[in-house]
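Descriptive structure summary
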Amino acid sequence: MPSLHLLPLLLALTIRPPSSPVHVYPARVLESYPHDADAFTQGLHLEEDGTLIESTGLYGESTVRRVDVESGRLLHCERLPGAWFGEGVTVQAGRCIQLLWREGLLLVRDARTLKLRDTVALPSGISEGWGITGDGAGSLFVSDGSDILHELDAHSFRVKRRIAVHAAGRPLPNLNELQWVRGEVWANLWHEDRLAVIEPRSGAVRCFVDLRGLLTAEERRSLGRTPALQQEAVLNGLAYDEPTGRLLVTGKLWPRLFAIATEALQ
Ligand code: DDQ
């Protein structure tokens with residue numbers, strides 16, 4: 001039996017303090033632009049010339065397109081075969097890389113023309129294709145709806161590392177669309193109006209960004225042509241405008257795309 005004065009020390013050693021909560025930053029809308037309300041947006045990437053590459057989903061309706069941000073005008077559109085469901089998209093070293101949801105393929109396109117150049121099998125261990133981004137230095141990051149990010153070699157597409165993402169000590173699942181921002185991976189969470197800012201080395205969530213209220217409740221109710229589509233018309237699509245430090249966000253079937261600022265940007 002330890003003497004009584006040792007008890008506080010023993011307790012401190014055996015009871016782990018709870019992890020501190022993760023800070024939530026607000027966001028400020030700087031601009032809002034028209035967005036194609038028929039586009040079931042699954043991925044966004046802002047090109048250096050300021051045009052937006054957008055991937056859209058749904059079987060029979062999937063596309064990859066180039067869009068003028070301010071007018072929302074379609075500059076170019078490539079349709080996918082009816083049995084393919086478009087997901088996240090990124091552009092790395094002149095190649096546009098688009099994920100498919102459950103087809104086990106990754107599409108490699110010419111970034112200028114968006115023409116399909118190659119199809120590559122999704123590496124084993126990645127159950128589905130959800131979000132993709134790249135660090136511009138040889139790595140891609142892919143999400144599959146779980147709490148795991150897969151770091152891939154951007155040329156061979158081999159898995160280099162699996163990153164378990166956690167917030168306040170707990171796994172954070174439903175990682176969806178991804179965007180590399182100043183050395184971190186920003187993720188939008190499926191069916192949630194918030195972003196997680198992830199440190200890629202540790203998988204720790206540094207902070208969240210609250211995106212509630214981009215659309216009014218009434219606008220949200222009017223999304224989609226069927227109740228099933230309205231249910232799935234959630235926040236999706238995240239791009240980073242490096243020169244201005246703005247983030248571009250939209251949702252599936254949303255009529256607007258928003259440029260936002262947030263103090264979460266380091
Ligand atoms: N995912 O993009 C999160 C990976 C999956 C989205 C699934 C959306 C299904 C839409 C079904 C619509 C029903 C008419």
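Residues numbered from 1 in each chain as written. Predicted model: local features only at pLDDT ≥ 70, side-chain atom pairs only at ≥ 80, totals over all residues. Heavy atoms only, no water.

Some thoughts on the pairing of strand β3 (residues 41-46)
- Counting buried positions over the six residues of β3 gives six, a clear majority of the element.
- Note that β3 and strand β4 (residues 52-56) share five bridges and pair antiparallel. Bridge pairing links Thr41 to Thr56 in β4.
- Hairpin connection, β3 to β4: the antiparallel pair is bridged by five residues, and Gly50 has positive phi, about 90°. (Buried < 20%, exposed > 50% of the residue type's maximum accessible area, 1.4 Å probe, protein only. Helix = DSSP H or I, 4+ residues; strand = E, 2+ residues; numbered from the N terminus. Pairing = 2+ DSSP bridges.)

Focus on the environment of Gly60
- Along the polypeptide, Gly60 turns up in the loop between β4 and β5 (63-67).
- A relative accessible area of 43% places Gly60 in the partly exposed class.
- Apart from residues lying up to four places away in sequence, Gly60 is in contact with Arg79 and Gly82. (Contact = heavy atoms within 4.5 Å.)

Details of empty space enclosed by the protein
- For the structure shown, the criterion picks out one cavity of 30 Å³ or more.
- Here the largest cavity is characterised by a volume of approximately 30 Å³.
- Tyr33, Pro34, His35, Leu52, Glu54, Val67, Asp68, Val69, Gly72 and Leu257 are the residues that line the largest cavity.
- Within the residue set of the lining of the largest cavity, elements represented by two or more residues are β2 (28-34) and β4.
- Within the lining of the largest cavity, the residues separate by chemical class into six nonpolar, two polar and two charged. (1 Å grid on protein atoms, 1.4 Å probe; cavity = no way out; pocket = protein on both sides within 12 Å on 5 of 7 lines; lining within 4 Å. Points joined across faces, edges and corners; volume = space filled by probe spheres on them. Nonpolar A, V, L, I, M, F, W, Y, C, P; charged D, E, K, R; others polar.)

Describing the packing of aromatic side chains
- Summed over all chains, the structure comprises six aromatic pairs.
- Centroid distance Phe40 to Phe85: 6.3 Å. Interplanar angle 90°. Geometry classified as edge-to-face. Within this pair, whereas Phe40 is found in the loop between β2 and β3, its partner Phe85 is found in the loop between β6 (74-79) and β7 (86-92), the two being separated by 45 residues in sequence. The pair Phe40 / Phe85 is uniform in exposure class, with both members buried.
- When the centroid spacing of 5.4 Å and the interplanar angle of 15° are considered together, the rings of Phe141 and Trp180 count as stacked. (Phe/Tyr/Trp six-rings, centres within 6.5 Å; stacked < 30°, edge-to-face > 60°.)

Side note on the nonpolar core
- Of all hydrophobic cores here, the largest spans 26 residues; its most connected members are Trp186, Leu211 and Leu214.
- For this core, the elements supplying multiple residues, two or more each, are β19 (194-198), β20 (205-210), β21 (235-241), β22 (246-251) and β23 (256-261).
- Leu149, Leu175, Leu189 and Ala196 belong to the second-largest nonpolar core, a separate cluster that totals 16 residues. (Core = buried A, V, L, I, M, F, W, Y, C linked by side-chain atoms within 4.5 Å.)

What to know about the site of the ligand
- By nearness alone, every residue bordering the ligand is listed as Phe40, Gln42, Glu87, Trp101, Trp130, Trp190, Leu229 and Lys252.
- Between an oxygen atom of the ligand and a side-chain N or O atom of Gln42, the distance comes to 2.9 Å.
- Between Glu87 and the ligand, the recorded distance is 2.8 Å, taken from a side-chain N or O atom to an oxygen atom.
- Considered on its own, the ligand offers 430 Å² of accessible surface; in the complex 78% of this is hidden by protein.
- The cavity where the ligand resides is the second largest pocket.
- Its residues assigned to classes, the shell around the ligand comprises five nonpolar, one polar and two charged. (Near = heavy atom within 4 Å. Polar contact = N/O pair within 3.5 Å; in protein donor to acceptor, adjacent residues only side chain to side chain. Areas by Shrake-Rupley, 256 points an atom, 1.4 Å probe, with all protein chains shown as cover. Sits in = over half its atoms within 2 Å of the grid points.)

Geometry only, nothing functional implied.
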